[in-house]
Amino acid sequence: MSSVAGLLALMTAIMHVSEVQAQCTMIDACSCFMPDGNVVDIKSLGDNNGFAKFFAVPGPDAFYYSLNLCYPFNEGACSGAAGCQTSADFLSTFQIGDASSAMFSTDMSNNVHVLYTSPTDDGRFRTVDVTLQCDPNSLEPNIQVFGEQGFNSLLYTFTITSQCACPGVCATNPNPIDPSGKVVITTEAGISSGTILCIIALVGAVVYVGGGMTYMRVRKNAAGVGMLPHKEFWAAIPGLIKAGAVFTYQKIRGKISGQEYSSI
């Protein structure tokens, strides 16, 4: 019975998008290809970090909606979700679409739709219908939330306007492209391991020099250059480097200051 209810819900969504045609053949949960071979890739319309890219956007029905295409997210009682509805008091959440249920289709205006469903406790299905509105000049995606289409219809509609909704734009280039044709490189803020090592080395050097000078001043009554820790060692390094370079050069030339080493 629940499977029949799910089929009816999906048919309702298909009717809502005005005679949806199977013109965008699904490749995976993040992409589909049009009859001309161009691919619609929606990876940039979702975040792969467990959180919704579009978080708690207010709808016209007094609910808040979170949406994340391509990748699942968790929020409140919503788990592995593509869409999540939150009550006005933020105390209740309802999963309205499972990320694993993604389907692609195309309406009569050649807009690609992404559909997600999620079963309810009474055997029915909630359905998310996302219209992908193509705009070549839209570097950042813009979302419109229309909420539930009628009382207890369990059909929730959204529109996302983005250049990545245009076939062939984001399929070969994961970064946005501005109208002049230049690629806009986007990076996530963070500290690399190399930066961490540099910070550790810098802190270590400060502690070594500062602590050593303090020790020499307090315990050895040193002053001036004499306060430097291990002064003799550091002063000898240039000479040792020079001697090593000369030795290596002479070794290569087969002349080690006239000395020969006996075989062991």
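The rules behind the values
Residues numbered from 1 in each chain as written. Predicted model: local features only at pLDDT ≥ 70, side-chain atom pairs only at ≥ 80, totals over all residues. Heavy atoms only, no water. UniProt positions renumbered as here; feature names shortened; annotations may be inferred. Helix = DSSP H or I, 4+ residues; strand = E, 2+ residues; numbered from the N terminus. Buried < 20%, exposed > 50% of the residue type's maximum accessible area, 1.4 Å probe, protein only. Contact = heavy atoms within 4.5 Å. Areas by Shrake-Rupley, 256 points an atom, 1.4 Å probe, with all protein chains shown as cover. Disulfide = S-S within 2.5 Å. Pairing = 2+ DSSP bridges.

As recorded by an unreviewed UniProt entry, the chain carries the name Autophagy-related protein 27 and is attributed to Mizuhopecten yessoensis. What the UniProt record of the chain gives under Sequence similarities (unreviewed entry) is the line "Belongs to the ATG27 family."

We now examine the overall build of the chain. Secondary structure assignment for the chain yields three helices and 13 strands. Every one of the 264 residues in the chain was classed for burial, and the buried ones make up 36%. Within the chain, residue pairs in contact and separated by at least 24 positions form 43% of the contacts whose partners lie at least 6 positions apart. For the chain, the exposed surface amounts to about 15900 Å²; the carbon and sulfur share of it is 61%.

Another aspect to go through is the state of the cysteines. Applying the stated criterion to the full structure yields five disulfides. Each disulfide pairs two cysteine sulfurs, and for Cys24 the partner residue is Cys32, the sulfurs being separated by 1.8 Å. Because the torsion about its S-S bond is 80°, the bridge between Cys24 and Cys32 counts as right-handed. When sorted by exposure, Cys24 lands in the same class as Cys32, which is buried. Bridging Cys164 to Cys170, the disulfide has an S-S length of 1.9 Å. Here the disulfide of Cys164 and Cys170 is left-handed, its torsion about the S-S bond being about -75°. For Cys164, a relative accessible area of 5% gives the class buried. Taken in N- to C-terminal order, the disulfide-linked cysteines of the chain are connected 1-3, 2-4, 5-6, 7-9, 8-10.

Bridge count for strand β4 (residues 54-58) against strand β5 (residues 64-67) is three bridges, and the pairing is antiparallel. Directly across from Pro58, in β5, lies its bridge partner Tyr64. Connecting the antiparallel pair β4 and β5 is a turn made up of five residues, with Ala62 showing a positive phi of about 70°.

With that settled, the discussion passes to unusual backbone geometry. Excluding glycine, a negative phi dihedral is what most residues carry, and trans is how most peptide bonds are arranged. Residue Phe90 is not a glycine yet carries a positive backbone phi of 60°. For Phe90, the location among the structural elements is in the loop between β7 (78-86) and β8 (93-98). Of the residues examined, Phe90 reaches a relative accessible area of 47% and is grouped as partly exposed. The phi dihedral of Leu154 is positive, around 60°, even though this residue is not glycine. Note on placement: Leu154 falls in the loop between β12 (142-148) and β13 (155-162). Using a relative accessible area of 7% as the deciding quantity, one classes Leu154 as buried.

This brings us to the pairing of strand β10 (residues 112-119). Looking down a regular strand, the side chains alternate between one sheet face and the other. The buried fraction of β10 is high, at seven of eight residues. Counting the residues between successive antiparallel strands, the hairpin from strand β9 (residues 103-106) to β10 contains five residues, one of them, Asn110, with a positive phi of roughly 65°. Pairing between β10 and strand β11 (residues 125-134): eight bridges, direction antiparallel. Paired with Tyr116 across the bridge in β11 is Val128. The antiparallel pairing of β10 with β11 creates a hairpin that spans five residues between the two strands, and Gly123 there sits at a positive phi of about 90°.

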